[in-house]
Amino acid sequence: MKRLAFSISATLALTTSVWAETSDLLIIGNSDPGMVQRLTGSSNFDGIETAFEERGVDVRLSTRADADAMRNAFRDFVTGLDATSGDIGVLLTGRFVSTIAGSYLLPAGTETPTLADVLTEGFPLDAVYVVAAEYPGQALIVLGEVEGDGDLPDGLSATMLLDNVPQGVTVAIGPAGDAARFVSRLSMATGEDVLPLARAEGLSLTGFVPRSLPLFAGEDVTLPQITPEALNDRSAEDAAAWGRAIAMDTEVGYDTYLGAFPEGRFAGEARQRSATIRSEPFYREKQAETDLALSRDARREIQRDLSLLGYNTRGIDGIFGRGTRGAVTAWQNANSLSASGYLDAGQIARLDAQAERRAAELEEEARQRQAQQERQDRTFWSETGARGDEAGFRAYLKRFPDGIYAEEAQGRLTDIEDQRRAQAEGEDRRRWQVAREIDSADGYRAYLAERPNGAFVEEARARIEYFANNSEQIALQKRAQADEAALGLNATARRLAEARLADLGLKPGAVDGAFDEDTRRAIRRYQDARKLRVSGYLDQATVVRLMADTILR
């Protein structure tokens, strides 16, 4: 199922993966410029910016930034990302504070922030996480902290919140000077493993921490090497103890390392990992899923599988947020598995098999339902529209507005209206044209009031009845229009949808990516047969089913 699904999902997705050609870096430096000069030799981050730019990295830099400057720099950074973007990096230095909802970088010079100041002026880390999540395995966030003076008011904390780091995103944390020095040295590094460089600067690592992380490849430069001579005499023992702790990957293992090397090279990361294990009851399950290195398309496929099985992931975007984790947990509970919210390879295969079977069951149910509807449709037509009179056509369309003979019935009514228009006197035609352009119940009532014996009385009454009986459907269509627009489907995806509708015999018209009335009627027929929300517009549930149907074929 997955092999075929991925080729389709890459087309229907809002973004697709391509080979990277450029890297992008955002620096918001709200720490002391003098400190940067002393530790990196680069005044006010200018030297770091220049070093990266000489290697072809697109850099957005803002220092001593207020609220507007931070947001403008971030907007420029995000705007510059596109399909050619490869590795991305974000360096934020300054004072960070947290609320119950997330952590924020404060504007430069903020001394005694209030909760209102933080929420309105602070730069939210969640915004960076959202962007970084688009580049799993290629995103590095470096956070350089500056200690603040005095106590924070209620509702604020100096503790960084790191529970919501997206999958595939690496975060390095430490004092602002160490963070700036790390990025300065990184500007001289090739695309080799940069994690030892971060550890050598005493930074803690969290989020996606693989065995190696090659980033920001350059030319004719070498990664600064950390030689044994540069370390203290216990470096070998330190490294060996850290190796044992990593191999155990438990709270006890990291605490044992800290007991032996409380100021060791890896002490910051050991504390971070130990705290993560304490706060994450399913740490091993989380690591097992992380080790799978699921691509964005693979995660979309998992979300589609869950949706097919009736578990709401709150979106099919390839980002595993609370909605997806809740859906995974519910699926695990239903299958008598450990309800961790994280998946291993075996569970993914099981989920995929269940979704494929369910897709086949749903399509068979839809086939049977459609066959029953068509029998009823044909019988009703024989008693109404087949007799060839206006009343019969209107009765048929009222009962089966998207039925087998809907196009024929509507065409015959249009012919009747055209004949009346040709026969009607000028003022009657003019008034009817006004009513049709307004196309509202009030507009048709105005026509009836002025032309009680007009040639278009029956048409006016039929439209008034439509508006009276379909107010909910009309409101639904407005919401459905917005839902379809939110999907952001490109022309290729729209043609694929039309082709699938045509394969099912639903008559979507030309397969050209333009959704006309024929396409809308075909979508409504598809939705009705599958007990989906009938709107004539594509929404997430409809696309999920169309995708599944495509896989089955």
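Residues numbered from 1 in each chain as written. Predicted model: local features only at pLDDT ≥ 70, side-chain atom pairs only at ≥ 80, totals over all residues. Heavy atoms only, no water.

Draft legend 1. The arrangement of the pairing of strand β1 (residues 22-29) in detail. Among the eight residues that make up β1, seven are buried, leaving the element largely enclosed by the rest of the structure. Here β1 pairs with strand β3 (residues 85-94) via seven bridges, running parallel. Bridging from a neighbouring strand, Thr 22 pairs with Ser 85 of β3. One ladder, built from six bridges, connects β1 with strand β2 (residues 58-63); its direction is parallel. (Buried < 20%, exposed > 50% of the residue type's maximum accessible area, 1.4 Å probe, protein only. Helix = DSSP H or I, 4+ residues; strand = E, 2+ residues; numbered from the N terminus. Pairing = 2+ DSSP bridges.)

Draft legend 2. Examining empty space enclosed by the protein more closely. Evaluation of the coordinates by the stated rule reveals two cavities of 30 Å³ or more. Counted as a void, the largest cavity has a volume near 50 Å³. Every residue along the wall of the largest cavity is listed here: Leu 25, Gly 89, Val 90, Leu 91, Leu 140, Val 142, Val 183, Leu 186 and Phe 216. Elements that contribute at least two residues to the lining of the largest cavity include exactly β3, β7 (139-145) and α7 (176-186). (1 Å grid on protein atoms, 1.4 Å probe; cavity = no way out; pocket = protein on both sides within 12 Å on 5 of 7 lines; lining within 4 Å. Points joined across faces, edges and corners; volume = space filled by probe spheres on them.)

Draft legend 3. The arrangement of the confidence of the model for the protein in detail. Per-residue confidence for the protein gives a mean pLDDT of 82, with 89% of residues at or over 70. The least confident element of the protein, judged by mean pLDDT, is helix α1 (residues 2-12) at 37; the most confident is strand β6 (residues 123-124) at 94. Within the model, the stretch residues 1-20 combines pLDDT values under 50 with 46 contacts to residues more than four positions away or in other chains. The low-confidence segment residues 219-232 (pLDDT under 50) makes 21 contacts with residues lying over four places distant or belonging to another chain. (pLDDT = per-residue confidence, 0-100. Contact = heavy atoms within 4.5 Å.)

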